[in-house]
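# Summary of the model geometry
Chain by chain, the residues run as shown.
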Amino acid sequence: MNDSSWGAPPQAGSQAGPQAGAHAGSQAGPHAGYWGPSDQGPVQGAAPTGPAYDAHDAQHTRPMPIVPDEPVYGGDQDDDRGAARASGPLFRDETPQFRSPGPYDTPQARPYGAAPQNPEPMPDASQPASAPQKKSAGRDLGSAIGVGVGLGVVIVASLFVVKAVFVGVITVAVVVGLWELTKRLEERKGIKAPLVPLALGGAAMVVSGYVRGAEAAWVAMALTALAVLVWRMTEPPEGYLKDVTAGVFAAFYVPFLATFVAMMLTADDGPRRVLTFLLLTVVSDTGAYAIGWRFGKHKLAPRISPGKTREGLLGAVSFAMVAGALCMQFLIDDGLWWQGLLLGFAVAASATLGDLGESMIKRDLGIKDMGTLLPGHGGIMDRLDSLLPTAPVVWLLLVIFVGSG
């Protein structure tokens, strides 16, 4: 913009026209002139006329604006120097900028966004305050207790009536657990661990361990692993390594560890040894749940199982040690109470590690439970998680303390 765009002052001999008369009468007002481009003061004279005057190019040199019927928010639409737009900011995080207030700015015509906004709504006095939420167990306790009592009756009845029946219960639990594990592996990871050789080999491990002892169980484990490798050869080679690896892991994790329960049963006081093993594991889980739910504040392994706390672990150890002392003193032949303290401590540690181990598996698979067979508990594997790694620990300590007899 240059000085040629502004109208020249009228000359001495110019004819007076309507515009000249209008400007002559406007000299007395406070807005009698126009500001030049250099802001050097008002330029007295007639208003610029002709095409040289362009409102778009005269952002800082314009006549007094006419007050509209309704307030126009945001300033001139042609202002490209950062003034607020009539429709609001172009971007959500753009801070609106407004022109300085003029003589016609009123509270009713305040630019949009100038009034401070309350980021949080005021509470509604008519709505009652929400009550604090109580801690939840996360499961249907009624169903969980009912299913747990039912399973306990079946196990105790089969355990003290005929030993072979309890071996059958172990075998059924192993097969169902293998089915749940292989099913989840295929659904979530696309890993196809062969179920048929796993189920047959798992049953053989449990029976051979009960009949012939640990040596026979190891042989059955080796043959099961070999069967998994051969069985998988009937399918395309893609994914062979991960499938057989998962199959061998499943064979060790479920049936082989469960075989130690069957081997406990072979002793003269076998049913009471198995009962001690089950009681200590259940008491450990119960102590961890009760103390952790009531007093738990410090997470034990938040990345693996956010619900477990250090206070819960102390509860598991305390409950299991007391129960171990009582069981060794009154249930196990030639057992001593101090041996029960050590046994209870070991059970609490192994049960907690077993629970964390399966939590790690389920977190990797992206699932909450391995199955839905047991209401309130999940699947069979969700009940075997702490029992399986605890079985060899209890079997070994009982053999050390009182022998295998």
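All chains use their own residue numbering, which begins from 1 and follows the written sequence. In view of the model being predicted, local features appear only for residues whose pLDDT reaches at least 70, and side-chain atom pairs are presented and counted only at 80 or more, with totals across whole chains, interfaces and linings using the full set of residues. Processing note: side-chain calculations cover all non-hydrogen atoms of the structure and skip hydrogens and water entirely.

### Considerations on the overall build of the protein
Heads up, the rule is: A run of DSSP states H or I qualifies as a helix once it reaches four residues; a run of E qualifies as a strand once it reaches two. Both are numbered from the N-terminal end. Between two residues, a contact is recorded if the distance between any of their heavy atoms is within 4.5 Å. Reported accessibility uses the Shrake-Rupley method at a 1.4 Å probe radius. Residues are deemed covered only where the shown protein chains occlude them.
When you go through the protein residue by residue, the secondary structure sums to 11 helices and 4 strands. Sequence-distant contacts in the protein: of pairs separated by 6 or more residues, those separated by 24 or more amount to 66%. On the protein, roughly 24600 Å² of surface is accessible, and the fraction owed to carbon and sulfur atoms is 63%.

### Thoughts on the packing of aromatic side chains
Formally: Under the pairing criterion, centres of Phe, Tyr and Trp rings, with the six-membered ring standing for Trp, must be within 6.5 Å; the plane angle then separates stacked pairs below 30 degrees from edge-to-face pairs above 60, leaving the rest tilted. Relative accessibility thresholds used throughout: buried, under 20% of the residue-type maximum; exposed, over 50%; partly exposed, between the two (1.4 Å probe, protein chains only).
Counted by the stated rule, this structure contains 6 aromatic pairs. Here the aromatic rings of Phe 252 and Phe 256 are separated by 5.4 Å at their centres, their planes lie at 25 degrees, and the arrangement is stacked. Of the two residues, Phe 252 and Phe 256 both sit in helix α6 (residues 240–264), 4 residues apart, roughly one turn of that helix. With a centroid separation of 5.6 Å and 90 degrees between ring planes, the pair formed by Phe 256 and Phe 260 is classed as edge-to-face. Of the two residues, Phe 256 and Phe 260 are both situated in helix α6; the distance of 4 residues between them amounts to about one turn of the helix. Taking the relative accessible area as the measure of exposure, Phe 260 reaches 12% and is therefore buried. Joined through ring pairs, the aromatic side chains of Trp 218, Phe 252, Phe 256, Phe 260 and Trp 395 make up one cluster.

### Things to note about the confidence of the model for the protein
This is how the line gets drawn: Each residue carries a pLDDT score, the predictor's confidence in it, ranging from 0 to 100.
Averaged over all residues, the pLDDT of the protein equals 77, while 64% of them reach at least 70. When the criterion is pLDDT under 50, residues 70–98 qualifies, and its contacts beyond four places in sequence or with other chains add up to 32 contacts.

### Quick look at a nonpolar patch on the surface
Defined as follows: A patch consists of residues exposed above 30% relative accessible area that lack any salt bridge, with like charges linked at up to 9 Å and nonpolar side chains (Val, Leu, Ile, Met, Phe, Trp, Tyr) linked at up to 5 Å. By definition, a salt bridge exists where a carboxyl oxygen of Asp or Glu is found within 4 Å of a side-chain nitrogen of Lys or Arg.
On the surface, a nonpolar cluster with roughly 430 Å² of combined accessible area is contributed by Val 219, Leu 223, Leu 226, Leu 229 and Val 230. Note on placement: Leu 229 falls in helix α5 (residues 214–232). On the basis of relative accessibility, which here comes to 32%, the residue Leu 229 falls in the partly exposed class.

### Observations regarding the packing of helix α9 (residues 337–365) against helix α11 (residues 387–402)
Formally: Note on geometry: axes are C-alpha line fits, over the in-contact stretch for helices, and angles between N-to-C directions span 0 to 180 degrees. Roughly parallel covers angles under 35 degrees, roughly antiparallel covers those over 145, roughly perpendicular covers 65 to 115, and oblique covers all other angles. What makes a crossing left-handed is the near helix being turned counterclockwise from the far one by less than a right angle; a clockwise turn instead makes it right-handed. Gly is placed with the polar residues, together with every amino acid not listed as nonpolar (Ala, Val, Leu, Ile, Met, Phe, Trp, Tyr, Cys and Pro) or charged (Asp, Glu, Lys and Arg).
Where α9 meets α11, the axes come as close as 8 Å, and the angle between the chain directions of the two elements is 165 degrees. With respect to α11, the element α9 is oriented roughly antiparallel. Crossing geometry of α9 relative to α11 is assigned as right-handed. For the pair formed by α9 and α11, the contact residues are Gln 339, Leu 342, Leu 343, Ala 346, Val 347, Ser 350, Ala 351 and Gly 354 on the first element and Pro 389, Thr 390, Val 393, Val 394, Leu 397, Leu 398, Phe 401 and Val 402 on the second. Split into classes, the residues belonging to the contact of α9 with α11 amount to 12 nonpolar, 4 polar and no charged.

### Points about the environment of Leu 265
Its place among the elements puts Leu 265 in the loop between α6 and α7 (270–295). Separated by 10 residues in sequence, Leu 265 and Leu 275 place their C-alpha atoms 9.7 Å apart. Every residue in contact with Leu 265, bar those within four places of it in the chain, is listed here: Leu 159, Lys 163, Phe 166, Val 167, Tyr 210, Gly 270, Pro 271 and Val 274.

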